Number of protein chains: 2
Amino acid sequence: MNTVQVNLGSRSYPIYIGEGLLGRAELVTPHIVGHQVLVVTDEQVAPQYLAPVLASLSDYQTEQLILPTGESHKTPATLNQIFDVLLQYRFSRDATLVALGGGVIGDMVGFAAACYQRGVRFIQMPTTLLAQVDSSVGGKTAVNHPLGKNMIGAFHQPCCVVADTSTLQSLDPRQLRAGCAEVIKYGLISDVGFFVWLEEHLQAVLGLEPQAIAEAVRRSCENKAAVVSADEHERGQRALLNLGHTFGHAIETGLGYGRWIHGEAVAVGMVMAARMSVRLGLLPEGEAVRTRELLECTGLPVKLPAELGVEEMLAHMSVDKKVLAGKLRLVLLEAIGQATLVDDFDPVILRETLQEA
Amino acid sequence: MNTVQVNLGSRSYPIYIGEGLLGRAELVTPHIVGHQVLVVTDEQVAPQYLAPVLASLSDYQTEQLILPTGESHKTPATLNQIFDVLLQYRFSRDATLVALGGGVIGDMVGFAAACYQRGVRFIQMPTTLLAQVDSSVGGKTAVNHPLGKNMIGAFHQPCCVVADTSTLQSLDPRQLRAGCAEVIKYGLISDVGFFVWLEEHLQAVLGLEPQAIAEAVRRSCENKAAVVSADEHERGQRALLNLGHTFGHAIETGLGYGRWIHGEAVAVGMVMAARMSVRLGLLPEGEAVRTRELLECTGLPVKLPAELGVEEMLAHMSVDKKVLAGKLRLVLLEAIGQATLVDDFDPVILRETLQEA
């Protein structure tokens, strides 16, 4: 087992990474304060992992809630179902929530924990690659609004993250590839060495060879933890983690949540960010090609879906959270391993990038 | 004009108290960062005060939202209306919300500001006595759930509070008396000098004599600011501000939100807390009598509503947020001016107190 620490003063917490960690009571019990625990999961994850998790929590008053699966359920209405259960069982302010599942479950349960009685503890148990390397780490929680993804949320840090890499063995290959988009993102943003390692070990990672996947998760979490520790509330460099996400969110919103999964939209978004960086003279052509090729080898989409027009993309991009004072800010690349925030670009270049894609 | 400072490090902010402050642009503009401002108010407040507030914000892109009046609308559904407007007008992360109205508007707009894009700025412009002396100060925001009041919320500090005491002239006398319950609360909790001042100046305060009401608001805000500065997230002494509130919330929930207004329920709650303190031998009988008399002179209820039974009260009290690890904690009195947290009392005493009331 590897442990990566997220350093945030009194809100610091460990990420445990390894095989067979779900069900190991000694990892989570030191992080539970009261005697009430609500485990929230979804219909897809529950049959496989709910029983061992509940068994490891047998010392507590444990309740469970199984939500429908998918991004289309990441709504205020589903959030209310969590509050209903918490209040029905009279959960107090020192209760603990456990988010067992992918990014949708983690984001929603984290937000429920942020709001219930103005904030209770929660534990992340991510079961998808995307959740293990990205969404479960860093305390960003949210639900979607019909007019924008993750528009309603909070910064609320978990008290620990248990990333059991065995759970990835049963992951839908499409979800695995989508998670790889975020893994590749860390290489692109800040870790050229990791990018090169991925170019060499991509098939081992996709084949879920234990050493390779553990290494990919660990290095991703280390990169994410470093950024989050330096800028918890995204006042500066944390925004770099959104490489490809402004384009990606526009694709997800444009198609309707759930048609493309997050990592797929982000993959296209990163290709577009790289292409735009080349157009602006920031990035050498060859590095944009390597970016596209690594994503393509992963089996991820690298082109905009045909049904989304340029105008629609522009409209959706302008409600993205990265719009500051009415100006669109984009995360672009100066090199593989070096992302940068750009807001003073010629809008024509953005339009051309969208047309080309 | 008086200014009371809430000291919370980087989240510190001023409370401006005085006559004719609404519409004074120079008070609020230093606290607005972006160019988008949404003023949220309700149907009762809008006709009187919305126009001057909007006029003072004419340098910004200003939108308005007028919500229905009353505690029964302090729900997740109304909260969503605020998000709808923010997204419809593409408000960005540096937007500012203005809460113009009573405690319901302040709590709800504050919570919307806490959640929109994971947190934007907001300004409190309280127009009721209760909001000026209590709910607008300290960053507690929330909406209600059918199973409990203020159960879904956040700690989110405003960037300033503008308490225009002229607005109290048009306040419904019932609302004015309810606000006085919270004013008296500060005397009971921590400021015996203020309690004695209130015993002497109650009629001047209720008659809205300018000097008396300004003094009552200022001393209340000073007491609240001191407690909040010492314990922002209610890990300790801030809980003392809930004197009478565990009983009071149970009354509000039991009757259905809106039948009794908050200050009325808290008035009865404080009488019950005093009575229970006497039963436990904490408080001299005479001080409980003075407590009841000052509330009674204010014209507030001092007895439980006839339709609420003891069992119902006990059931509602057990979901109150002050329940820690399944144990009911109550704020009681050791003297007028000295509140204390008690959780190791004989439940029979609580039952007897409820029966007596």
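This one's a predicted model, so the numbers in the text were calculated from it and none came from an experiment.

About the cut-offs
- Residues numbered from 1 in each chain as written.
- Chains lettered and ligands numbered in written order.
- Predicted model: local features only at pLDDT ≥ 70, side-chain atom pairs only at ≥ 80, totals over all residues.
- Helix = DSSP H or I, 4+ residues; strand = E, 2+ residues; numbered from the N terminus.
- Buried ≥ 20, exposed ≤ 12 C-beta atoms within 10 Å, placed from the backbone.
- Contact = placed C-beta atoms within 7 Å.
- Nonpolar A, V, L, I, M, F, W, Y, C, P; charged D, E, K, R; others polar.
- Least-squares fit on C-alpha atoms with pLDDT ≥ 70 in both.
- Pairing = 2+ DSSP bridges.
- Axes fitted to C-alpha atoms, helices over the stretch in contact; angles between N-to-C directions.
- Core = buried A, V, L, I, M, F, W, Y, C linked by C-beta atoms within 7 Å.
- Domains from an automatic or database assignment.
- Expected span 1.5 Å × (residues − 1).
- Bend = angle between axes of the 7 residues up to and from the residue.
- Right-handed = clockwise from strand over helix to strand, strands pointing away.

This part covers the overall build of chain A. Check the secondary structure of chain A and you find 13 helices and 13 strands. The principal-axis extent of the C-alpha atoms belonging to chain A is close to 60 × 40 × 35 Å. Within the span of chain A, comprising 357 residues, buried residues form 55% of the whole. Long-range contacts, defined as pairs at least 24 residues apart, comprise 75% of the intrachain contacts of chain A with a sequence gap of at least 6.

Once that is clear, we can look at the interface of chain A and chain B. How big an interface is tends to be stated in terms of the accessible area lost upon association of its parts. Each partner contributes to the interface: chain A provides 33 residues, whereas chain B provides 33 residues. Among the secondary structure elements, those contributing two or more residues to the side of chain A that touches chain B are α3 (76-88), α4 (103-115), β7 (140-145), β8 (148-155) and β10 (323-324) of chain A. Looking at the side of chain A that touches chain B, the element that brings in the most residues is β8(A), giving six residues. Of the residues in the side of chain A that touches chain B, the class split is 16 nonpolar, eleven polar and six charged.

Rotating chain A by 180 degrees and translating it 0.0 Å along the rotation axis places it on chain B, where the RMSD comes to 0.0 Å. Taken together, these values place the two copies in the relation of a two-fold axis. Looking at the rotation axis and the C-alpha trace of chain A, the residue lying nearest is P76(A), at 4.1 Å. By residue overlap, the copies meet face to face through one surface: 100% of the interface positions of chain A are interface positions in chain B.

Moving on, we come to the sheet that holds strand β3 (residues 36-42) of chain A. All names here are of chain A. Taken in spatial order, the seven strands of this open sheet run β1-β2-β9-β6-β5-β3-β4, and their pairing is mixed. The open sheet has two edge strands, β1 (2-6) and β4 (61-67), and neither has a second partner. Direction aside, neighbouring strands of the sheet carry axes that sit 15 degrees apart on average. One ladder, built from two bridges, connects strand β6 (residues 121-126) with strand β9 (residues 160-164); its direction is parallel.

Next up on the list: the nonpolar core. With 229 residues, the main nonpolar core has V40(A) and V40(B) as its most contacted residues. Apart from residues lying up to four places away in sequence, V40(B) is in contact with L65(B), L67(B), I82(B), L97(B), V98(B), A99(B), L100(B), I105(B) and V109(B).

Residues and elements named next belong to chain B. The residue R90 is not glycine, and still its phi comes out positive at about 55 degrees. If you trace the backbone, R90 turns up in the loop between α3 (76-88) and β5 (96-101). At N150, a position not held by glycine, the phi torsion is positive, near 55 degrees. Along the chain, N150 turns up in strand β8 (residues 148-155).

Now for the sheet that holds strand β3 (residues 36-42) of chain B. All names here are of chain B. A sheet is described by the order of its strands in space; here seven strands give the open sequence β1-β2-β9-β6-β5-β3-β4, paired in mixed fashion. For this open sheet the edge positions go to β1 (2-6) and β4 (61-67), each flanked by a neighbour on one side alone. Across the sheet, the mean angle separating the axes of adjacent strands is 15 degrees when strand polarity is ignored. Sheet analysis places β1 next to strand β2 (residues 13-18), joined by five bridges and oriented antiparallel.

Before going further, it helps to examine the domain arrangement of chain A. Residue and element names in this part refer to chain A. The domain boundaries assigned to chain A delineate domain 1 (2-170) and domain 2 (173-356). For domain 1 and domain 2, the distance between their C-alpha centroids amounts to 25 Å. Mapped by element, the contributors of at least two residues to the side of domain 1 that touches domain 2 are β1, β2 (13-18), α5 (129-135) and β8. Looking at the side of domain 1 that touches domain 2, the element that brings in the most residues is α5, giving five residues. Per-class residue counts for the side of domain 1 that touches domain 2 are 13 nonpolar, 15 polar and four charged.

A few words on the environment of G248(B). Residues and elements named next belong to chain B. Position of G248 among the secondary structure elements: in helix α9 (residues 245-255). Separated by 21 residues in the primary sequence, G248 and G269 have C-alpha atoms spaced 4.9 Å apart. When neighbours within four sequence positions are excluded, G248 is seen to be in contact with A265, V266, V268 and G269.

This part covers helix α7 (residues 192-206) of chain A. All names here are of chain A. In this model, α7 (15 residues) spans 20 Å end to end at C-alpha, consistent with the 21 Å of a helix rising 1.5 Å per residue. The largest bend along α7 measures about 65 degrees and falls at E200. Within α7, the full set of buried residues consists of F194, F195, L198 and V205. Check the buried side of α7 and you find it contacts α6 (173-190), α8 (210-230) and α11 (285-297). In the segment just after α7, L208 is the residue with positive phi, at about 55 degrees.

Here we take up the pairing of strand β12 (residues 330-335) of chain B. Residues and elements named next belong to chain B. Across five bridges, the pairing between β12 and strand β13 (residues 338-342) is antiparallel. Residue L332 lies in a different strand from β13, and its bridge partner there is T340. Connecting the antiparallel pair β12 and β13 is a turn made up of two residues, with G337 showing a positive phi of about 100 degrees.

What follows deals with the pairing of β4(A). Residue and element names in this part refer to chain A. Bridge count for β3 against β4 is seven bridges, and the pairing is parallel. Its bridge partner being in β4, Q36 is matched across the sheet by Q61. Taken together, β3, helix α2 (residues 46-56) and β4 form a β-α-β motif whose crossover is right-handed.

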